[in-house]
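# Architecture and fold: a report
Read off the chains here:
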Amino acid sequence: MTKKELLRGLPKIDEVLKQESLVVLSEEKGDLMVTEAVRSVIAGLRASILDLSDKKAEEFDASALEIEAVAEAAEAKVLRDEELNLYPLINATGTILHTNLGRAPLCRDAVENVARVSRGYSDLEYNVPKGKRGSRHDLVSELIAELTGAEDAMVVNNNAAATMIVLASMGAGKEIVVSRGELVEIGGAFRIPDIMMQSGAYLQEVGTSNKTKASDYENAIITKEQAEDAMYGMDPRGGMRFETGALMKVHKSNYDIVGFTEEASLEELVEIGKKHDLPVIFDMGNGLMLDMSAYGLNEPNIPASLATGIDVMLFSGDKLLGGPQAGIIVGKKKYIKAMKKHPLARAMRVDKMTFAALEATLMKYRDPKVALRDIPVLNMIAASGEDMRAKAERLADAIKRVNPALSLELVPVEDQIGGGSAPMVRLPGWAVSVKDGMKSADRTERKLRKAEVPVVARINEDRLLLCVRTIAEDKLETVAEALRK
Ligand SMILES: *Cc1c(COP(=O)(O)O)cnc(C)c1O
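Below: a short report on this structure.

Attention shifts here to the nonpolar core. Judged by nonpolar contacts, the single largest core of 57 residues is most densely connected at Leu297, Met313, Val330, Leu362, Tyr365, Ile381 and Ile417. Leave out the neighbours within four places in its chain, and Leu362 touches Val140, Leu143, Ile144, Leu147, Met289 and Leu321. With 29 residues, the next largest nonpolar core counts Ala161, Val166, Phe190 and Met348 among its residues.

If you want it as structure tokens, here you go:
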């Protein structure tokens, strides 16, 4: 056909919209979207016809101009446009808390509670028995108190926000004493000295990179009177000084200092704090609730840290706690109460979905056995090497069934906690190494990422590894499916 004939053959929008499939689709998605898709498909066809040479026009497959074909293309476009940018994928890296992959997966009850609470109205800020306004902070503070021994609790957006409000509320215009070995960067723009500056508190660094003694903290403490004297040059260290507001310990979440080292313990800081009537703050970061040393995780946990007598402690909700993104502040009532009234509290508050997920997650900790069984992060940490090997065998079997041509091998690997937590811990795990003929590991890795449910794998020394620790049992078949020929 000539170009003119082809152009004349283009269907009218109205004709296409009469197709049964599009009538049904319009009812579901709205006619605006469907009409726009038909218009766009027809415009695309017109543009490509106009682009053709006369010779190419002769060869053009005119069946693409049929009403049914245009309707089908429009339907596909509507469905494509509906694809969400945030979607689930499979983490086969063996790193449990992968910040790029959304950190902690939620437990089933947390997810169900989010759906239950957020579909309709809830008592987020309404005290139902009393029939009057309530506080969202009260939703979880009793449960947190029961689980940790804290007097009070407050939930904000993440631990970075928690650090900000703790410092702003307890340290604005005052000095906060922190060890030089603990001035951490957590990733992105979160650096303790920068947050300190934003909060209006003044960082008073003590000790050295490798060694900070308890006495270093004590020697840095100054009273209001001493600070005022310092302004007139009476302080031997010189410079502008402010009264000490608090002592602060920051957990070395994502690094370790080894060799000739020393750091002050929480107990020592609490003792100094008591002596000078100063609060002690602990940014513990990871939110570990249970003693997991049996699984190689020698990290401080929340109840044990609080038991030292520290005044305020803060941690993330989506690291080792295994809940939603949140920053949780626990400790003495007088400090937490002041934070709840701070102007920043409103800017940092979390919504009902976070509370719903958090409460259901925390509930699991009433019995550590239940927490270990039901909270995915803990469950993955506790999984033994033998469990991992058996799971790797099941994955290899599933892959063999869909694509017998691949060469598979079971290999031992070292899995990690990740998410800036416990950097030195290596969990003995197992992986399936996949080789697709002469194809490179990079090519197979790309294929896995492009699967219907993308699989993010690990590449180690040009070997493609599917680490099974972070693959849920009911997703083994999905991973295999991604390797179908
Ligand atoms: C992870 C971490 C933070 C930041 O927490 P987010 O929840 O990512 O905002 C702050 N301090 C410490 C010690 C941490 O480990």
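All right, on to the pairing of strand β14 (residues 407–418) then. With two bridges connecting them, strand β2 (residues 95–97) and β14 associate as parallel partners. Counted as the bridge partner of Leu97 is Gly418 from β14. The pairing of β14 with strand β15 (residues 427–435) spans nine bridges and is classified as antiparallel. By the bridge assignment, Glu414 is partnered in β15 with Pro428.

With that out of the way, let us pick up the packing of aromatic side chains. By the definition in use, this model includes one aromatic pair. Taking 4.0 Å as the distance between ring centres and 5° as the angle between the ring planes, the aromatic pair formed by Tyr202 and Phe242 counts as stacked. Note that Tyr202 is positioned in strand β9 (residues 202–206) and Phe242 in the loop between α12 (224–231) and β10 (244–250), a separation of 40 residues in sequence. You can call Tyr202 partly exposed: its relative accessible area is 37%. A cation over an aromatic ring shows up here: Lys211 above the ring of Phe260, its NZ or CZ 3.8 Å from the ring centre. Across the ring face of Trp430, the terminal group of Arg389 is positioned such that the distance to the ring centre comes to 4.5 Å.

Okay, the pairing of β15 next. With seven of its nine residues buried, β15 lies for the most part within the structure. Alignment of β15 against strand β17 (residues 463–467), held across four bridges, turns out to be antiparallel. Note that in β17 the partner of Ser433 across the bridge is Leu465.

Attention shifts here to the sheet that holds β2. Taken in spatial order, the six strands line up as β1-β16-β17-β15-β14-β2 in an open sheet, and their pairing is mixed. In the strand order of this sheet, the two ends are held by β1 (90–92) and β2, each with one partner. Each strand axis lies, on average, 40° off the axis of its neighbour in the sheet, ignoring direction. Sheet contacts for helix α20 (residues 385–402): β14, β15 and β17; angle to β15, the most-contacted strand, approximately 15°.

The rules we used
Residues numbered from 1 in each chain as written. Predicted model: local features only at pLDDT ≥ 70, side-chain atom pairs only at ≥ 80, totals over all residues. Heavy atoms only, no water. Core = buried A, V, L, I, M, F, W, Y, C linked by side-chain atoms within 4.5 Å. Buried < 20%, exposed > 50% of the residue type's maximum accessible area, 1.4 Å probe, protein only. Contact = heavy atoms within 4.5 Å. Pairing = 2+ DSSP bridges. Helix = DSSP H or I, 4+ residues; strand = E, 2+ residues; numbered from the N terminus. Phe/Tyr/Trp six-rings, centres within 6.5 Å; stacked < 30°, edge-to-face > 60°. Lys NZ or Arg CZ within 6 Å of the ring centre and 35° of its normal. Axes fitted to C-alpha atoms, helices over the stretch in contact; angles between N-to-C directions.

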